[in-house]
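Structure at a glance
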Amino acid sequence: MVDLPRRAVIRSARLAALPLGYAGRSALGIGKRMGGKSAEAVLSDVQQRTAEQLFRTLGELKGGAMKFGQALSVLEAALPEEASAPYREHLTALQDNAPTMSTQDVRDAIEAGMGPDWRERIVWLDGAAAAAASIGQVHRARWHDGREVAVKVQYPGADEALLGDLRRISMVARGMSPVFPGLDLVPLINELQARAAEELDYALEAQAQEVFAEAFDGDPEIVVPHVVHAEHTVLVTEWMESEGSLARIIAEGTQAERDHYGELLVRFTFAGPARTGMLHADPHPGNFRTIPEPDGTPGRLGVLDFGAVARLPAGTFPPAIGRLLRAALEDDADLLLAGLREEGFVKDGMRVDAEVLLDFLRPFVEPMREDRFRFTRAWMRDQFERLNDPRSPGFTLATKINLPPSYLLIHRTWLGGIGLLCQLEAEAPFRALLEESLPGFAPEAS
């Protein structure tokens, strides 16, 4: 069976050991430097060993530990090259692979979820896992009516592992900060905690997935499998043939593949809310599958895993987002500040210079200033370093900007999506796509 320890003391000890391991290796590194090894060699060795321990632990524990690691993997592009390079291989492994549980344990879990007569509905089950992730794994199977299906089975004890891990990680997060210099891990963990209970309910996920499947049924660019059957811990959907996930494209894809699937990712992200009233809020490479054309050229983009969705009150993106981006794009500092105050991003009574605010936010709309913009790791690192530079005029301004609760999941999804585009190094007509699908962004007709 997959190692998903249920005893809180075991999981706590392994997570707590992560920052201690880094500290110990750093102390050992000081000794090596005193013995004559160069600082660069010592740093590289410490980072590599830390990466191996960190991501091996997060992957093996699964649950909230792996969910945290997957969220970090999307933000890898923001890290300085000297920090991210040693981790990239381990981060990629978390994006698309994980240890699996045995066939018998899978059968037991299906029976616990569907009842003892489950074999009357699932007439064949592939013993090898097709995919494995943080709280469950997927097997190819055949439904009683002959359809090829994907059976997603939740790991026994996944609820305790997910919720408990995120609580424990929040307690040791600051000790992990040296591993990811400049990243504030606490807000990320808080957001994961807020959505954890929803992701554990496969029946709730099925409702969201079927809405997306119906909305994109017959779409020439996007494929979402229909739901066949759902229980709290077992989800059966139509099987979707694919060549692999976006993790493969990130690792070895051609530039044509990167640009093509990057553009489809943007199209899906912004078209989804208008069609479904929901935002797919887990921009993780393993959740997007590539479906080439018969001649091998890039084709449609398959979308999986609807456990994390934002149910948008207005049925689409808040129009204020588009209006604020347009104001920044047109360098209207006063309109931008007024709009941010109205939406609660700048609290009443907070003194903010409109021009400084515009300068601070101007790079965020840089992808919209060109007909086609290439997202790169270097570009994202530049923005990240700018935001974290104490010498920058906007450094203290960041502390004056508030993120309203209603925008939390939208913000995380937007940031994760940009991170994924930068990992792909994709070029896309970003401005045109936003004008097409983001309410409030298109310029008003004169």
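Refer to the structure above for everything that follows.
Below is a short write-up of the structure.

Rules behind the numbers
- Residues numbered from 1 in each chain as written.
- Predicted model: local features only at pLDDT ≥ 70, side-chain atom pairs only at ≥ 80, totals over all residues.
- Heavy atoms only, no water.
- Helix = DSSP H or I, 4+ residues; strand = E, 2+ residues; numbered from the N terminus.
- Buried < 20%, exposed > 50% of the residue type's maximum accessible area, 1.4 Å probe, protein only.
- Contact = heavy atoms within 4.5 Å.
- Areas by Shrake-Rupley, 256 points an atom, 1.4 Å probe, with all protein chains shown as cover.
- Pairing = 2+ DSSP bridges.
- Axes fitted to C-alpha atoms, helices over the stretch in contact; angles between N-to-C directions.

This part covers the overall build of the protein. Per the secondary structure count, the protein includes 16 helices and 13 strands. Within the protein, buried positions represent 53% of all 446 residues. In the protein, 72% of the contacts between residues at least 6 apart in sequence involve partners at least 24 apart. When the accessible surface of the protein is split by element, carbon and sulfur atoms take 53% of a total near 19400 Å².

Before going further, it helps to spend a moment on the environment of A308. The residue A308 is located in the loop between β10 (300-303) and β11 (309-311) in this model. For A308, a relative accessible area of 2% puts it in the buried group. Placed 109 residues apart in sequence, A308 and E199 show a C-alpha to C-alpha distance of 5.9 Å. Leave out the neighbours within four places in its chain, and A308 touches E199, L279, H280, A281 and D282.

To continue, consider the sheet that holds strand β6 (residues 234-238). Whether parallel or antiparallel, the strands of a sheet pair through hydrogen bonds between backbone atoms. Strand order in the open sheet formed by 5 strands is β1-β2-β3-β6-β5, and the pairing between neighbours is antiparallel. Either end of the sheet is taken by a strand with one partner, and the two such strands are β1 (122-132) and β5 (227-230). Each strand of the sheet is rotated relative to its neighbour by a mean of 25°, with strand direction disregarded. Sheet analysis places β5 next to β6, joined by 3 bridges and oriented antiparallel. From the neighbouring strand, A230 faces β6, where its bridge partner is L235. Lying on the sheet, helix α5 (residues 103-114) is in contact with β1, β2 (136-143), β3 (148-154), β5 and β6; it crosses β1 at an angle near 115°.

To continue, consider unusual backbone geometry. The phi torsion at D305 lies on the positive side, around 65°, for a residue other than glycine. Secondary-structure assignment places D305 in the loop between β10 and β11. Even without being glycine, E425 reaches a positive phi, approximately 55°.

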